[in-house]
Structure formats: structure tokens, C-alpha cells
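These are the residues of each chain, in order.
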Amino acid sequence: MNEEKVKITGLDVRIAVAVAICYLTSTVLKQFGIMVSWGDVKLEIIQGMTSCFACLLCCQDNTRISWKSGINRLIITAIGGIVGICVVLADEKIGNPWVMAVLVPLGVLLTMILCKAAKVPYINARIGGLTFILVSCTLAGTARVLYAGFRLISTLYGVLITLLVTWVFTGLLGSRNQKLPDNT
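Fair warning: this is a prediction, and the values are worked out from it, not measured in the lab.

Rules behind the numbers
Residues numbered from 1 in each chain as written. Predicted model: local features only at pLDDT ≥ 70, side-chain atom pairs only at ≥ 80, totals over all residues. Heavy atoms only, no water. UniProt positions renumbered as here; feature names shortened; annotations may be inferred. Helix = DSSP H or I, 4+ residues; strand = E, 2+ residues; numbered from the N terminus. pLDDT = per-residue confidence, 0-100. Contact = heavy atoms within 4.5 Å. Axes fitted to C-alpha atoms, helices over the stretch in contact; angles between N-to-C directions. Left-handed = near helix turned anticlockwise from the far one by under 90°. Nonpolar A, V, L, I, M, F, W, Y, C, P; charged D, E, K, R; others polar. Patch = residues over 30% accessible without salt bridge, like charges linked within 9 Å, V, L, I, M, F, W, Y side chains within 5 Å. Areas by Shrake-Rupley, 256 points an atom, 1.4 Å probe, with all protein chains shown as cover. Salt bridge = Lys/Arg side-chain N within 4 Å of Asp/Glu carboxyl O. Buried < 20%, exposed > 50% of the residue type's maximum accessible area, 1.4 Å probe, protein only. Expected span 1.5 Å × (residues − 1). Pairing = 2+ DSSP bridges. Parallel < 35°, antiparallel > 145°, perpendicular 65-115°, else oblique.

Let's talk about the UniProt feature "transmembrane region" (unreviewed entry) in the chain
Mapped onto this structure's residue numbering, the UniProt feature "transmembrane region" (unreviewed entry) falls at residues 12-29, 71-90, 96-115, 127-150 and 156-174. For the annotated span residues 71-90, helix accounts for 100% and strand for 0% of the residues, and the straight-line distance between the end C-alpha atoms is 29 Å. A distance of 17 Å separates the end C-alpha atoms of residues 127-150, which is 79% helix and 0% strand.

Structure, rendered in C-alpha cells:
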């Protein structure tokens, strides 16, 4: 039996470096009190968790594939966030938890349909549903709308850091001219 040795790859290192940059950015901003207050809620401008998720999901073998993955991530985050904002606004008007119990699965369904219409891979449509759930269910009140905006900013930040790290690492390793298959 041919067993493959477990080893750390260049991709693993790039992911870890991108995550480190995103998490450190979030930490520095929090330490210096650079946050937005909405009532009693303090919101991170660069959400550590969100930007780190973007790194994990978007960092690929080269900059071009990471770019495509990052674009998909931004699309699904925007769709999930917009649908989430619509549900949040409806929830604020209606204010009935039983109606919200119907709106959440309908919002997931709408998010997945819109993501599919945007021609992102199906697994990304499901992650778009996760974004919707986080926006509509994480906080209370209208702070969820601001949270959605900062979630998109944090995703964009994570994607940009991933692209930068991938570009630097692949440039240093001389693999930036790597060819892609025609079907990507």
C-alpha cells in the first residue's frame, strides 16, 4: 500500500500567512478601539472570523484561480447579505418570531437560487446561505444591517490579502506563469 506522507505544502503556508495577516489586522483594530458602535453593540470593521474564512476558502494554487475563487466568494457574500438585510428589515417591521421562523428558510432558499443564477459552484451557493443565516440570525435589531456591510468589507479584505499573499509567494517561487486548464 502506497501511503502518502503528511506534510506542509506551500498552499498550507500561504493560507496560514493570509489568515495571520487578517487576524492580526482585526486584533490591531480592536486593540486601538477602531470599531463602530450601534446602540449597545460594538461591531468590528474588519471581522477576524470573516476575513479568515475568506482566506481559507479562496487561497488556491495560483493567483488566477484564487482571483476566481475570491470573486465567487464576494458574489455569494453580497447575495447572502442582501437577502439577509431584506429579511432583517421585514423582521424589524413585523417583529414576530414565528414569521421569522418562516423567513429564515425562505431566505436560505432565495439566497441559493440567486447564487445559482449568478453561476457560482453549488457549494458556494450553500456558503451564501451561511452568510444569509449569519446576517439574519447573529445579532438583534437593525445592527444586523451594519453587520452585513462589515461582513462584506471583511470578506473583500480577506480576498485581497489572499491574492496578495498568493501573488507574492508564487512570484517568489517562480510559479506565477503556471497554465490553467481552459475550463476554469
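Quick word on the confidence of the model for the chain
Here the chain averages 91 in pLDDT, and 92% of its residues register 70 or above. In the model, residues 175-184 has pLDDT below 50 throughout and makes nine contacts with residues more than four positions away in sequence or in other chains.

Examining the packing of helix α3 (residues 63-94) against helix α5 (residues 122-137)
What describes two packed helices is the angle between their axes and the distance between those same axes. Axis separation between α3 and α5 bottoms out at 7 Å; the angle between their running directions is 40°. For the pair α3 and α5, the crossing hand works out as right-handed. On the side of α3, the interface is formed by N72, R73, I76, T77, G80, G81, V83, G84, I85, V87 and V88, while α5 contributes N124, A125, I127, G128, T131, F132, V135 and S136. In terms of residue class, the contact of α3 with α5 is made up of nine nonpolar, nine polar and one charged.

A few points about a nonpolar patch on the surface
Taken together, the side chains of M49, F53, L56 and L57 present a nonpolar region at the surface, about 350 Å² in accessible area. Within the element layout of this structure, M49 appears in helix α2 (residues 48-58). A relative accessible area of 44% places M49 in the partly exposed class.

Quick notes on helix α1 (residues 10-31)
Across its 22 residues, α1 extends 31 Å between first and last C-alpha, which sits within 8% of the 32 Å expected from 1.5 Å per residue. Remark: G33 follows α1 within two positions and exhibits a positive phi of approximately 70°.

Some remarks on unusual backbone geometry
You will see that K119, though not glycine, has its phi angle at about 65°, which is positive. Locating K119 in the fold gives a position in the loop between α4 (97-117) and α5.

Side note on the pattern of salt bridges
By the definition in use, this model includes three salt bridges. One salt bridge connects R144 with D91, and the closest N-O pair in it is separated by 2.9 Å. Of the two residues, R144 is situated in helix α6 (residues 143-173) and D91 in helix α3; the sequence distance between them amounts to 53 residues. A residue is classified by how much of its surface remains accessible, and R144, at 4% relative accessible area, is buried. Taking relative accessible area as the criterion, D91 reaches 16% and is therefore assigned buried.

So, the UniProt feature "domain: Integral membrane bound transporter" (unreviewed entry) in the chain
Mapped onto the present numbering, the UniProt feature "domain: Integral membrane bound transporter" (unreviewed entry) falls on residues 44-165. Along residues 44-165 one finds 84% helix and 1% strand; the C-alpha atoms at either end are 23 Å apart.

Some points on the pairing of strand β1 (residues 35-38)
Bridge analysis of β1 against strand β2 (residues 41-44) gives four bridges, and the strand direction is antiparallel. Bridge assignment links V36 to a residue of β2, and that residue is L43. Where β1 folds back on β2, the antiparallel hairpin that results is connected by two residues, among which G39 adopts a positive phi of roughly 65°.

Here we look at the packing of α1 against α2
One can describe the packing of α1 onto α2 by two numbers: an axis separation of 9 Å at closest approach and a directional angle of 165°. Comparing their axes, α2 and α1 come out roughly antiparallel. Between α1 and α2 lies a crossing whose hand is right-handed. Residues I15, A18, V19, C22, Y23 and S26 of α1 form the contact with α2, whose own contacting residues are G48, S51, C52, C55 and L56. Counted by class, the contact of α1 with α2 contains eight nonpolar, three polar and no charged residues.

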